[in-house]
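If you want the building blocks of each chain, they are given just below.
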Amino acid sequence: MVFDDFPFWLRFAHFINIVFIILLIRSGVEILSALPKLYWNDHARPGTEWIKFTKKKFTPNFKKRTWISLEEEESFSSWIALPGHKNLGIGRHWHFLSIIFWISNGAAYYILLFTSGEWQRLIPTSWSILPEAINDVMLYASFQFNLPGNPYDSIQQLTYFSVVFLLGPFMIATGAAMSPSIDARFPRYPKIFGGRQAARSLHFLGMIGFVLFIIVHVAMVILSNFSENMGNIFLGQATSFGIAVGIFALFVLVVVAVNVWATGISLKNPRLVQRKLGAIIDPIRQTLFNKVVSRQQFSKSDVTPFFRVNGYPPDTKEYENLMRNGFSDWRLKVLGLVEKPLELSLVDLYALKKEIQITEHSCIQGWTAIGEWGGVSMNHLLSKCKPLPQANYVVLYSYQFTDGDQFYEAIPIELAKHPQTILAYEMNGDLLDIPHGAPLRLRVETQLGYKMVKWIKSIELVDDYKNIGMGQGGHREDHMYYDLGAGI
Ligand SMILES: Nc1nc2c(c(=O)[nH]1)N[C@H]1C(S)=C(S)[C@@H](COP(=O)(O)O)O[C@H]1N2
Ligand SMILES: [Mo]
């Protein structure tokens, strides 16, 4: 079979792929900036990172003060990060939007490749490709380009094959291994890669692989038969040098324009980006993850010695007074759309059936830690207060105020009923300490950490979160444009 044409679908998929790959790389760099350190070990102990992109010192000494992981966040330039300047929430929106389009495009490309017979241009059918590829590299090294091939020479075919069939799926697999929902349901899955931090590191290295491929690929396209290459991939036939230069310029212009537009609108109007992209992403994410139930049970020896803290403890008089009395005056109020409002002291909570679980915590910034949690099942509490049928969300309010507002997060009632959704008063066998949320904090084990409200004051059942705070579903959604769904 001789491939002398580049069918329209192939050229179209190639173009779509470029646009989204670049958005994925830039938004991925933004996500990295939230914790610009990479680890091989899920304890993610500060100081054990194998590489870091920050000069900041993070030397937690809790005797002096509470250190929080938001202090580790770095501000990256908009030249490399989408959108740059500490915008993890918006970076994630672009990343997940791009994943939807990139995977759909890739799936369509795979299908057409195999149904059309065009797969033979990429998939080697003989081992002789290996020595041939080495030979090709030698020729390239002596500046001999335009090697014979059908349509590609051996090293080209091998490289394209690796990128399309190995690196692409590898990025999806390592990306999925960072999802708290997927890992909660299938705790053995991330172990394939050596854990969630290793998956994060490998995902980063895969990104570097993509960047190197793009640089070499573009360089080769320009150095070897530029006009023919440009014509083939954009028009489906060889063209003149003038037109090739025009196509290349136009293509660069389109990619730059998309990126400038996405960056500009993200920095100027993050709420708009959060809303519009969220409207596309959230229904898909909820369908994928809201029914997924956590099946984690690590062993005591897995527990992380140093469990990072996020969020400064409340500094209000109200909380200080409660703390002074060892929280004996503290009452948990459960109210809203319930048949039976509740008011429970710590002693009341201790008297209820105690759940214990050893699970892995995943902060949206990227660190992980394993802890043992003891507390009361949320489902049990709900059965006591009897939510009304119109109660769709459980809102947890904290004693803590940060960025000028009370911290709160809403979770769908569906998630609140999951077996490992608990209100924890114990951590690693001891009563919860102040930094980790005393006297009570939420654990919802299929979600990212920001949903797990600490220093809980009250719980309200509501039909909608739109009238609470700024109406985005939580303090982090309101102030930092985090996503509504925290399953990935
Ligand atoms: N009230 C309150 N709860 C909060 C936060 C916060 O800032 N304020 N931070 C959240 C985030 S982002 C994470 S990762 C976890 C961290 O829990 P830890 O401090 O016990 O590690 O708490 C969550 N709960
Ligand atoms: Mo977090």
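A quick note: this is a predicted structure, and the numbers were derived from the prediction, not measured.

Student: Can you lay out the UniProt feature "domain: Cytochrome b561 bacterial/Ni-hydrogenase" (unreviewed entry) in the chain for me, pointing to particular residues and giving the numbers?
Tutor: Under the feature "domain: Cytochrome b561 bacterial/Ni-hydrogenase" (unreviewed entry), the UniProt entry names residues 6–226. In the segment residues 6–226, helix accounts for 57% and strand for 2%; the C-alpha atoms at its two ends are 16 Å apart.

Student: Before we move on, could you go through the pattern of salt bridges and cite the residues and values that matter?
Tutor: Side chains carrying opposite charge are able to pair once their charged atoms draw close together. One pass over the full model with this rule turns up 19 salt bridges. Two residues, Arg65 and Glu71, come together in a salt bridge whose shortest N-O distance is 2.8 Å. With a relative accessible area of 35%, Arg65 lands in the partly exposed category. A salt bridge links Asp483 to Arg285; the nearest nitrogen and oxygen atoms lie 2.7 Å apart. With Asp483 in the segment after α14 (475–480) and Arg285 in helix α9 (residues 270–289), this pair connects stretches of sequence that are 198 residues apart. Comparing Asp483 with Arg285, the two get one shared label, buried.

Student: Account for unusual backbone geometry, with residues named and values stated.
Tutor: Looking along the chain, the bond that leaves Leu82 and enters Pro83 is cis, with omega of 0°. Its place among the elements puts Pro83 in the loop between β2 (51–52) and α2 (88–116). The linkage connecting Ala438 with the following residue, Pro439, adopts the cis geometry, with an omega of 5°. Topologically, Pro439 is positioned in the loop between β10 (430–431) and β11 (441–444). Its identity is not glycine, yet Ala44 carries a phi of approximately 45°, on the positive side. Positioned with a positive phi, Asn146 is a non-glycine residue whose angle comes to about 50°. Summarising the element assignment, Asn146 is placed in the loop between α3 (129–141) and α4 (154–176). Overall, Asn146 belongs to the partly exposed group, its relative accessible area being 47%.

Student: Describe the side chain of His418, naming the residues involved and giving the relevant values.
Tutor: Checked against the element boundaries, His418 lands in the loop between α13 (413–416) and β9 (421–427). Relative accessible area serves as the criterion here: at 9%, His418 is assigned to the buried category. Apart from the residues lying within four places of it in its own chain, the contact partners of His418 are Asn290, Lys291, Val292, Val293 and Thr446.

Student: Before we move on, could you go through the pairing of strand β5 (residues 354–362) and cite the residues and values that matter?
Tutor: Bridging between β5 and strand β6 (residues 368–377) involves 9 bridges; their strand directions are antiparallel. Residue pairing for β6: Ile356 is matched across the bridge by Gly374. Where β5 folds back onto β6 in an antiparallel hairpin, the turn is made up of 5 residues, including Gly366, whose phi is positive at roughly 130°.

Student: Just give me the short version of the sheet that holds strand β8 (residues 405–412), but keep the residues and values in it.
Tutor: Whenever strands of a sheet pair, they do so through backbone hydrogen bonds, lying parallel or antiparallel. The strand order β4-β3-β12-β7-β8 describes an open sheet built from 5 strands, whose pairing is mixed. Pairing within the sheet leaves two strands with one partner each, and these edge strands are β4 (342–344) and β8. Across this sheet, the average inter-strand angle for adjacent strands is 20°, counted without regard to direction.

Student: I'd like a rundown of the site of ligand 1, residues and numbers included.
Tutor: Around ligand 1, 20 residues are found, and the nearest of them are Arg308, Gln400, His436, Met452 and Lys454. Take Arg441: an N or O atom from its side chain is 2.9 Å from an oxygen atom of ligand 1. In isolation ligand 1 has 530 Å² of accessible area, and contact with the protein removes 99% of it. In terms of residue class, the shell around ligand 1 is built from 9 nonpolar, 7 polar and 4 charged.

Student: Break down the packing of α3 against α4 for me, with residues and values.
Tutor: Contact geometry of α3 with α4 gives a least axis separation of 7 Å together with a crossing angle of 110°. The orientation of α3 with respect to α4, classified from their angle, is roughly perpendicular. For the pair α3 and α4, contact is made by Ile129, Leu130, Glu132, Ala133, Asp136, Val137 and Tyr140 and by Ser154, Ile155, Gln156, Gln157 and Leu158, respectively. For the contact of α3 with α4, the per-class residue count stands at 7 nonpolar, 3 polar and 2 charged.

Student: Pulling in residues and values, what's your account of the domain arrangement of the chain?
Tutor: Considered domain by domain, the chain is made up of domain 1 (8–35 + 73–289) and domain 2 (300–480). Domain 1 and domain 2 are separated by 39 Å when their C-alpha centres are compared. Overall, the association of domain 1 and domain 2 removes approximately 1400 Å² of surface from exposure, summing both partners, and the carbon and sulfur fraction of that is 45%. Our count for the contact surface shared by domain 1 and domain 2 stands at 1 salt bridge. Among the salt bridges present, the one from Arg196 reaches Glu360, with a minimum N-O distance of 3.8 Å. Taken together, the connections running from domain 1 to domain 2 amount to 8 residue pairs in polar contact (both at pLDDT 80 or more). Every element with two or more residues in the side of domain 1 that touches domain 2 is listed here: α2, α5 (180–185), α6 (196–223) and α9. Its residues placed into classes, the side of domain 1 that touches domain 2 shows 7 nonpolar, 4 polar and 6 charged.

About the criteria used
Note on numbering: residues in each chain are counted from 1, in written sequence order. The order in which chains are written sets their letters, starting at A; the order in which ligands are written sets their numbers, starting at 1. In view of the model being predicted, local features appear only for residues whose pLDDT reaches at least 70, and side-chain atom pairs are presented and counted only at 80 or more, with totals across whole chains, interfaces and linings using the full set of residues. Computation of side-chain values: all heavy atoms of the structure, hydrogens and water removed. UniProt positions are given in the numbering used here, feature names are shortened, and annotations may be inferred rather than shown by experiment. For helices the rule is a DSSP run of H or I covering at least 4 residues; for strands it is a run of E covering at least 2, with both sets numbered from the N terminus onward. Any Lys or Arg side-chain nitrogen located within 4 Å of an Asp or Glu carboxyl oxygen qualifies as a salt bridge. Between buried and exposed lies partly exposed: a residue is buried under 20% and exposed over 50% of the maximum accessible area for its type, with that area taken using a 1.4 Å probe on protein chains only. In what follows, residue pairs with any heavy atoms lying within 4.5 Å of each other are defined as contacts. At least two bridges found by DSSP between two strands is the condition for calling them paired. Lines fitted to the C-alpha atoms define the axes, with helices restricted to the stretch that makes contact. Angles between their N-to-C directions range from 0 to 180 degrees. We define proximity as follows: a residue is near a molecule or strand when any one of its heavy atoms falls within 4 Å of that partner. Think of a polar contact as two N or O atoms within 3.5 Å of one another; within protein, one of them needs to be a possible hydrogen donor and the other a possible acceptor, and neighboring residues in sequence only count if both atoms come from side chains. The method behind every accessible area is Shrake-Rupley, applied with a 1.4 Å probe, and residues are considered shielded solely by the protein chains displayed. The nonpolar class holds Ala, Val, Leu, Ile, Met, Phe, Trp, Tyr, Cys and Pro. Asp, Glu, Lys and Arg form the charged class, and all remaining residues, Gly among them, are polar. With respect to orientation, any angle under 35 degrees is reported as roughly parallel, any angle over 145 as roughly antiparallel, any angle of 65 to 115 as roughly perpendicular, and every other angle as oblique. Where each domain starts and ends comes from a domain assignment, either automatic or drawn from a database. Buried area is understood as the total, over both parts, of accessible area removed when two parts are fitted together, assessed with a 1.4 Å probe.

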